[in-house]
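The residues making up each chain are set out below.
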Amino acid sequence: MPVITRASGYCLAAANSPLEPREIDLPEPSGEDVIIEVAGCGICHTDIGFARQGIPTRHPLPLILGHEISGRVVAAGDAARGWLGQSVIVPAVIPCGKCTACRAGRPTICRTQFMPGNDGDGGFATHVRVPSRGLCAVPDNLPAALTLDRLSVVADAVTTPYEAIRRAGLSADDVAVVVGAGGLGGFAVQIAAALGAAVAAIDIDAARLELASRYGASLVLNAAAESEKGIKSAVRSFVNLSGRAGIGLKIFEMSGTVAGQATAFALLDYGAHLAVVGFTVQKLELRLSNLMAFDATAGGNWGCPPEQYPHALQLVLDGKVQLEPFIERHPLDNAAEIFEAVARHELKSRAILVPGPVDVSAG
Ligand SMILES: [Zn+2]
Ligand SMILES: [Zn+2]
């Protein structure tokens, strides 16, 4: 393989400025580090948070953003030689594996974690350097409709809802309510349906709801057209008709909006579980005592432990989670304008930046 010494990408030089092209040096990796030739990197709302909402990156700017990466290992340190040539998905959160949190089975709260595009240069680039621990191997022979660049969204948009659903203990006995059927929510609906749960989706966008109904939601509710009371009673009827014996709704807040969070919280009922997956800096006033009154639980998750990635990937490889209707791919060269379009909420699907020509042959 040719020696890679430079990468080109798009960096955030300062908050509230457009992404700028940037060249970086890529010294030969040592130890367990690898260099990945990026196949695709999804744009996440966390990136928008760094660039536009005053959320600081842990590594000082300028920094190449992007933490939703798939690609191929093209250089490896001594301790990572086995990865050479392997196609991989890079976990959005790469835990250290050694600290108290990691040893206690809570790797997503590891304080010495490495998140590409936050702790170091990320995946809006031709190449990225990451630790090899936690990499998720992707088979060379992919199903016909899939390509490695498309699988980048497994790094975050699929695995983060997957982990929320796993922690909720969702089973075929349960009813899942997904609030916000956009990027993450579209995958959450499919994962919940794949586990056999009865799934309701709530959004304010009719097109998203239509998509959710085609990919696993048996009930869709438009929060722009229904009152909170109307939504609650529709969900209650859905639970009764579902024939599911599970105790308590499993509610997944994926919208990252105050309105979505208010709807999700209002749905709390006896024994319910509320998982917060979407992010907003805005605040919401609510009666927290409802948790006590309903003997309910609420939780959140920062990404997904690397050991869960193969399970989430398998759902995609098995066709139980479809990517194509929920993604759109763009050349990395257009990173700056696509990033602005995402920030302005103009795109309907998860945007993936693809270095080099965008292959339209598959999918
Ligand atoms: Zn993200
Ligand atoms: Zn750790």
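Residues numbered from 1 in each chain as written. Chains lettered and ligands numbered in written order. Predicted model: local features only at pLDDT ≥ 70, side-chain atom pairs only at ≥ 80, totals over all residues. Heavy atoms only, no water.

Asks: So what about the overall build of the protein chain? Which residues, and what values?
Replies: Scanning the protein chain from N- to C-terminus turns up ten helices and 16 strands. The C-alpha radius of gyration of the protein chain comes to 20 Å, within 12% of the 21 Å expected for a compact globule of 363 residues. Viewed in the frame of its principal axes, the protein chain has a C-alpha envelope of about 60 × 40 × 40 Å. Surface summary for the protein chain: the accessible area is close to 15500 Å², and the carbon and sulfur share equals 53%. Side-chain charges in the protein chain split into 29 positive and 36 negative, and the spacing between the mean points of these groups amounts to 6 Å. (Helix = DSSP H or I, 4+ residues; strand = E, 2+ residues; numbered from the N terminus. Rg over C-alpha atoms; globule rule 2.2 N^0.38 Å. Areas by Shrake-Rupley, 256 points an atom, 1.4 Å probe, with all protein chains shown as cover. Lys, Arg positive; Asp, Glu negative; His and termini not counted. Charge placed at Lys NZ, Arg CZ, Asp CG, Glu CD.)

Asks: Report on the coordination of the zinc ion (ligand 1), specifying residues and quantitative values.
Replies: Note on metal geometry: ideal angles are 109.5 degrees for four donors arranged tetrahedrally and 90 or 180 degrees for six donors arranged octahedrally. Distances from the zinc ion (ligand 1) to its protein donors, Cys 44 (SG), His 67 (NE2) and Asp 156 (OD), fall at 1.8 to 2.2 Å. Mapping the donors of the zinc ion (ligand 1) onto the primary sequence gives the spacing C-x22-H-x88-D. Taken together, the residues span a long stretch of sequence, with Cys 44 in the loop between strand E3 (33–42) and helix H1 (45–52) and His 67 in the loop between strand E4 (63–64) and strand E5 (68–76) at a distance of 23 residues. Comparing Cys 44 with His 67 shows no difference in burial state: the two are buried. (Donors = N, O, S within 2.8 Å, 3.2 Å for Na, K, Ca; no water. Buried < 20%, exposed > 50% of the residue type's maximum accessible area, 1.4 Å probe, protein only.)

Asks: Kindly report on the state of the cysteines, identifying the contributing residues and their values.
Replies: Taken as a whole and judged by the stated rule, the model has zero disulfides. Cys 11 takes part in no disulfide bond, and the closest cysteine sulfur to it belongs to Cys 41, at a distance of 14 Å. Residue classification places Cys 11 among the buried positions, given a relative accessible area of 2%. (Disulfide = S-S within 2.5 Å.)

Asks: Which residues make up the nonpolar core, and what values go with them?
Replies: By size, the foremost hydrophobic cluster in this structure holds 51 residues, and its most contacted members are Ile 89, Leu 151, Val 158, Phe 187 and Leu 323. Mapped onto this core, the elements with two or more residues apiece are helix H3 (159–167), strand E9 (175–179), helix H4 (183–194), strand E10 (198–203), helix H5 (206–214), helix H9 (309–317) and strand E16 (350–354). Those residues in contact with Leu 151 that lie beyond four places of it in its chain are Ser 70, Ile 89, Val 138, Leu 142, Leu 146, Leu 313, Val 316 and Leu 323. By size, the runner-up hydrophobic cluster in this structure holds 42 residues, among which are Leu 26, Leu 63, Ala 125 and Val 342. (Core = buried A, V, L, I, M, F, W, Y, C linked by side-chain atoms within 4.5 Å. Contact = heavy atoms within 4.5 Å.)

Asks: Tell me about the pattern of salt bridges, and name the residues and values.
Replies: Evaluated as defined, the whole model comprises 19 salt bridges. Residue Asp 25 is joined to Arg 6 by a salt bridge in which the shortest nitrogen-to-oxygen separation is 2.5 Å. In this pair, Asp 25 sits in strand E2 (residues 20–25) while Arg 6 sits in strand E1 (residues 6–12), placing the two residues 19 residues apart along the sequence. Exposure remark for Arg 6: the relative accessible area of 42% places this residue in the partly exposed category. For Asp 78, the salt bridge identified is with Arg 81, shortest N-O distance 3.2 Å. Residues joined in a network through salt bridges with shared partners are Arg 6, Glu 23 and Asp 25. (Salt bridge = Lys/Arg side-chain N within 4 Å of Asp/Glu carboxyl O.)

Asks: Just give me the short version of the coordination of the zinc ion (ligand 2), but keep the residues and values in it.
Replies: Surrounding the zinc ion (ligand 2) are the protein donor atoms Cys 96 (SG), Cys 99 (SG), Cys 102 (SG) and Cys 110 (SG), which sit 2.3 to 2.4 Å from the metal. Spacing between the donor residues of the zinc ion (ligand 2) along the chain follows C-x2-C-x2-C-x7-C. With Cys 99 in the loop between strand E6 (87–90) and helix H2 (100–103) and Cys 110 in the loop between H2 and strand E7 (127–131), this residue pair connects regions lying eleven residues apart in the sequence.

Asks: Let's hear about H1: which residues, and what values?
Replies: Restricting attention to buried positions, one finds in H1 the residues Asp 47, Ile 48, Gly 49, Phe 50 and Ala 51. Turning to H1, the residues buried within the fold contact E1, E3 and helix H10 (335–343). Of the residues trailing H1, Gly 54 is marked for its positive phi of about 75°.

Asks: Mind laying out the packing of aromatic side chains, listing which residues take part and the relevant values?
Replies: Note on aromatic pairs: each is described by the distance of the centres and the angle between the planes. A full pass over the atoms with the stated rule returns four aromatic pairs. Here the aromatic rings of Tyr 215 and Phe 326 are separated by 5.5 Å at their centres, their planes lie at 75°, and the arrangement is edge-to-face. Of this pair, Tyr 215 sits in the loop between H5 and strand E11 (219–222) while Phe 326 sits in the loop between H9 and strand E15 (327–331), placing them 111 residues apart in sequence. Residue Tyr 215 is classed as partly exposed on the basis of its relative accessible area of 25%. For the ring pair Tyr 270 and Phe 294, a centre distance of 5.1 Å and an interplane angle of 90° mean the geometry is edge-to-face. Placement of the pair is Tyr 270 in the loop between helix H7 (258–266) and strand E13 (273–276) and Phe 294 in the loop between helix H8 (289–293) and strand E14 (297–300), with a sequence separation of 24 residues. Among the aromatic residues, those joined into a ring-pair cluster are Phe 187, Tyr 215 and Phe 326. (Phe/Tyr/Trp six-rings, centres within 6.5 Å; stacked < 30°, edge-to-face > 60°.)

Asks: Please provide a residue-by-residue account of H3, values included.
Replies: Among the nine residues in H3, seven count as buried, and that is most of the element. Here H3 has its buried residues at Thr 159, Thr 160, Pro 161, Tyr 162, Glu 163, Ala 164 and Ile 165. Buried residues belonging to H3 abut H4, strand E12 (250–253), E13 and H9. Just downstream of H3 lies Gly 169, where phi reads positive at about 65°.

Asks: I'd like a description of the sheet that holds E10, backed by residues and values.
Replies: Ordered by their spatial adjacency, six strands build an open sheet running E11-E10-E9-E12-E13-E14, and the pairing between neighbours is parallel. What marks the edges here is a single partner per strand, and that holds for E11 and E14. Going from strand to strand, the sheet's axes swing by 15° on average, the running direction of each strand aside. Inspection of the sheet shows E9 paired to E12 by four bridges, in the parallel sense. Its bridge partner lying in E12, Ala 176 is registered against Lys 250. (Pairing = 2+ DSSP bridges. Axes fitted to C-alpha atoms, helices over the stretch in contact; angles between N-to-C directions.)

Asks: Could you give an account of the packing of H3 against H4, with specific residues and numbers?
Replies: The interhelical angle for the contact between H3 and H4, taken along N-to-C directions, is 45°, at an axis separation of 9 Å. What the angle tells us is that H3 and H4 run oblique. Judged by the twist between their axes, the crossing of H3 over H4 is right-handed. Residues Pro 161, Tyr 162 and Ile 165 of H3 form the contact with H4, whose own contacting residues are Leu 184, Ala 188, Ile 191 and Ala 192. Across the contact of H3 with H4, the residue classes tally to seven nonpolar, no polar and no charged. (Parallel < 35°, antiparallel > 145°, perpendicular 65-115°, else oblique. Left-handed = near helix turned anticlockwise from the far one by under 90°. Nonpolar A, V, L, I, M, F, W, Y, C, P; charged D, E, K, R; others polar.)

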